[in-house]
Amino acid sequence: MSTRRVHILSDGFRAPNARALLYPLIMHRRALAEAGISVRAFDRTDSKLAECDVLLVDSKHFHGPVRGQLAFVQDTLAEFGSSGVALAWYDSTDSAGWLVGGVLPLVRRYFKSQLLRDRDAYLRPMYARRAYADFYHRHDGVSDDQPDDAPQVDDPALLARIRLGWNSGMADYSRFGPARMALYGRLPISCLLGRPRAARAANAPRRVPLSCRMGIAYARNSVAHQRRLIRDRLAQQIRSDKLGRGGYFDELKSSRAVLSPFGLGEITLKDFEVFLTGGLLVKPDMLHLETWPDVYRDGETMRAFRWDLDDLEDVLAQIEDDPLSASAIAARGQEEYLRLVSGPEAGHHFATRFADMVEDILRPDVQSQEKAAI
């Protein structure tokens with residue numbers, strides 16, 4: 001079996017989403033090698049960058065808003081493409097609704113950590129480039145100082161280049177995980193990285209009925225609106241001000257349920273902290289998007305509520321009234337997350353997925369279908 005050489009141009013371990021992109025490639029390098037994949041990461045352009053079969057460019061390599069420097073990004077990608085390498089883009093931004101349409105004509109594949117199920121939505125105006133911000137703009141009349149709702153893709157045929165990658169859950173969000181990853185960014189010694197483990201079993205005794213620590217300081221009102229609604233709705237029941245990481249983790253490990261609203265994107269790092277600490281994850285409905293690992297299955301691995309919050313109190317009451325069911329769902333969520341991130345077969349699952357992505361990039365037919373998620 002010939003080895004596929006894959007080079008990745010990224011921001012290194014500086015940004016959390018860039019860490020999540022690179023983390024599984026480092027942790028599962030042995031499984032990748034067994035699958036015939038050789039991966040090398042670059043944090044800057046290099047004469048050897050295009051000496052590979054596939055060049056995957058992380059959007060986080062271009063600091064700041066990509067749209068603000070789109071012409072530069074396009075020129076850079078065109079130069080990479082002129083070398084003859086199979087070129088792909090990895091959009092590691094937070095929201096499923098965000099897409100840089102100007103990149104699509106220049107790459108064979110456009111990977112994203114989470115995607116809208118309705119791909120045609122990228123052809124239509126979407127307020128703040130987020131499905132939920134668009135909902136609150138239309139439903140509650142929330143507006144931003146600088147509206148942004150231009151269609152993101154001009155040519156429907158280019159939608160066929162969009163593919164699902166892996167989400168930000170593929171890293172270490174344990175108590176000291178972020179600190180170890182930040183240190184690895186300065187001192188790249190593999191032993192600094194480890195596979196995340198459960199900080200507490202889901203069925204352990206828990207004294208806090210509900211936790212909802214969160215920030216609400218977002219530049220866009222349409223993005224902050226959901227969190228403000230939840231804070232105001234539950235102000236008499238819980239505190240939502242943020243804690244230091246130690247106190248925050250202590251509270252998570254003591255909580256039976258944890259509310260994790262949308263932020264800059266639908267998926268937040270708190271989701272994975274909740275799975276590790278064993279509480280029941282409670283989020284706004286996620287059925288509008290696709291992601292992998294898919295640990296957002298209402299009634300199976302988490303609990304969901306409507307974006308208008310009409311059923312929020314009912315969902316929370318059900319959790320309070322049936323603690324055994326809530327604990328069972330939390331246990332399945334924890335088990336499923338750990339299975340795909342750090343379980344015995346996690347490397348095989350990831351390497352198989354990544355190998356399929358590589359072959360898809362190398363395949364000239366842009367109509368080819370992505371293999372089903374594990």
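Use the structure listed above.
Description of the structure in this document.

### As for the nonpolar core
Ranked by internal contacts, the top residues of the largest apolar core, which has 94 residues, are Val57, Leu77, Trp89, Trp166, Tyr337 and Phe354. The contact partners of phenylalanine 354, leaving out residues within four places of it in the chain, are Val6, Leu25, Leu32, Ile37, Val39 and Trp166. Core analysis: the second largest hydrophobic core is formed by 20 residues, Leu234, Leu259, Leu309 and Leu316 among them.

### Side note on the packing of helix 4 (residues 131-140) against helix 6 (residues 221-233)
For the pair helix 4 and helix 6, the least separation of the axes is 8 Å and the interaxial angle reads 75°. When the axis of helix 4 is compared with that of helix 6, the two are roughly perpendicular. Contact residues: Ala133, Tyr136 and Asp140 in helix 4; Ser222, His225, Gln226 and Leu229 in helix 6. Looking at the contact of helix 4 with helix 6, its residues break down into three nonpolar, three polar and one charged.

### Re empty space enclosed by the protein
To find leftover empty space, a probe the size of one water molecule is rolled over the atoms. For the coordinates displayed, the defined rule picks out two cavities of 30 Å³ or more. Space inside the largest cavity adds up to approximately 90 Å³. Along its surface, the largest cavity is lined by 13 residues, and Asn17, Ser92, Ser113, Asn167 and Ser168 are the ones closest to its centre. It is helix 1 (residues 16-27) that contributes the most residues to the lining of the largest cavity, three residues altogether. Residues that form the lining of the largest cavity fall into these classes: five nonpolar, seven polar and one charged. Approximately 50 Å³ is the volume attributed to the second largest cavity.

### Brief notes about helix 4
Buried within helix 4 we find Ala131, Tyr132, Ala133, Asp134, Phe135 and Tyr136. Buried residues belonging to helix 4 abut strand 6 (114-116) and helix 6. Directly beyond the C-terminal end of helix 4, a positive phi value near 70° is found at glycine 141.

### Re the sheet that holds strand 3 (residues 54-58)
In spatial order, the strands read 2-1-3-4-5-7; together these six strands make up an open sheet with parallel pairing. In this open sheet, the two strands that pair with only one neighbour each are strand 2 (37-42) and strand 7 (162-164). Sheet twist, expressed as the mean angle between neighbouring strand axes with direction ignored, is 25°. Across five bridges, the pairing between strand 3 and strand 4 (residues 86-91) is parallel. Note that in strand 4 the partner of aspartate 58 across the bridge is tyrosine 90. Against the sheet, helix 3 (residues 70-81) contacts strand 1 (4-9), strand 3 and strand 4, and its axis sits at roughly 145° relative to strand 4.

How each quantity is defined
Residues numbered from 1 in each chain as written. Predicted model: local features only at pLDDT ≥ 70, side-chain atom pairs only at ≥ 80, totals over all residues. Heavy atoms only, no water. Core = buried A, V, L, I, M, F, W, Y, C linked by side-chain atoms within 4.5 Å. Buried < 20%, exposed > 50% of the residue type's maximum accessible area, 1.4 Å probe, protein only. Contact = heavy atoms within 4.5 Å. Axes fitted to C-alpha atoms, helices over the stretch in contact; angles between N-to-C directions. Helix = DSSP H or I, 4+ residues; strand = E, 2+ residues; numbered from the N terminus. Parallel < 35°, antiparallel > 145°, perpendicular 65-115°, else oblique. Nonpolar A, V, L, I, M, F, W, Y, C, P; charged D, E, K, R; others polar. 1 Å grid on protein atoms, 1.4 Å probe; cavity = no way out; pocket = protein on both sides within 12 Å on 5 of 7 lines; lining within 4 Å. Points joined across faces, edges and corners; volume = space filled by probe spheres on them. Pairing = 2+ DSSP bridges.

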